[in-house]
Amino acid sequence: MVRCPECAAEIDVDEDEVEEGEILNCPECESELEVTQVHPVHLILISDDLDDEEESEEADEDDKEGDKEEEEDEEEQVR
């Protein structure tokens, strides 16, 4: 039995059934966890920072494109 590093929920992991580098999901908070050690089992939270950054960059790009389109529409209306 190990605890989720994110929410501290108990996760039933048998050290004979997991491998180092394996990815597990916490049943409580659904965080992705990587097995970094097998005897005893040790889990680390896989950072979602990269995913969050990519999503925010995409949103920023969409906003910029939307702003350009609005400016072009306003210029056409003025003419």
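Residues numbered from 1 in each chain as written. Predicted model: local features only at pLDDT ≥ 70, side-chain atom pairs only at ≥ 80, totals over all residues. Heavy atoms only, no water.

## Some thoughts on a negative patch on the surface
Residues Asp 12, Asp 14, Glu 15, Asp 16 and Glu 17 make up a contiguous surface patch of negative charge. Relative to the helices and strands, Asp 16 resides in the loop between β2 (10-11) and β3 (23-25). The exposure class assigned to Asp 16 is exposed, which follows from its relative accessible area of 64%. (Patch = residues over 30% accessible without salt bridge, like charges linked within 9 Å, V, L, I, M, F, W, Y side chains within 5 Å. Areas by Shrake-Rupley, 256 points an atom, 1.4 Å probe, with all protein chains shown as cover. Salt bridge = Lys/Arg side-chain N within 4 Å of Asp/Glu carboxyl O. Lys, Arg positive; Asp, Glu negative; His and termini not counted. Charge placed at Lys NZ, Arg CZ, Asp CG, Glu CD. Helix = DSSP H or I, 4+ residues; strand = E, 2+ residues; numbered from the N terminus. Buried < 20%, exposed > 50% of the residue type's maximum accessible area, 1.4 Å probe, protein only.)

## Digging into the pairing of strand β5 (residues 42-45)
Here 4 bridges tie strand β4 (residues 32-37) to β5, and the two strands are oriented antiparallel to one another. Bridged to Leu 33 within β5 is Leu 45. Between β4 and β5, which pair antiparallel and follow one another directly, the connecting turn spans 4 residues. (Pairing = 2+ DSSP bridges.)

## Notes on the environment of Val 18
For Val 18, the location among the structural elements is in the loop between β2 and β3. Those residues in contact with Val 18, other than ones at most four positions away along the chain, are Val 13, Val 35, Val 38 and Val 41. (Contact = heavy atoms within 4.5 Å.)

## Observations regarding the environment of Glu 32
Among the structural elements, Glu 32 can be located in strand β4. Separated by 26 residues in the primary sequence, Glu 32 and Glu 6 have C-alpha atoms spaced 9.5 Å apart. Sequence-distant contacts of Glu 32, that is, excluding residues within four places in its chain, are made with Ile 23, Leu 24, Asn 25, Ile 44, Leu 45 and Ile 46.

## Thoughts on the environment of Pro 5
Mapping Pro 5 onto the fold places it in the loop between β1 (2-3) and β2. The exposure class assigned to Pro 5 is partly exposed, which follows from its relative accessible area of 44%. Remark: the alpha-carbon pair of Pro 5 and Leu 43, spanning 38 residues in sequence, is separated by 7.2 Å. Apart from the residues within four sequence positions on either side, Pro 5 is in contact with Leu 33, Leu 43, Ile 44 and Leu 45.

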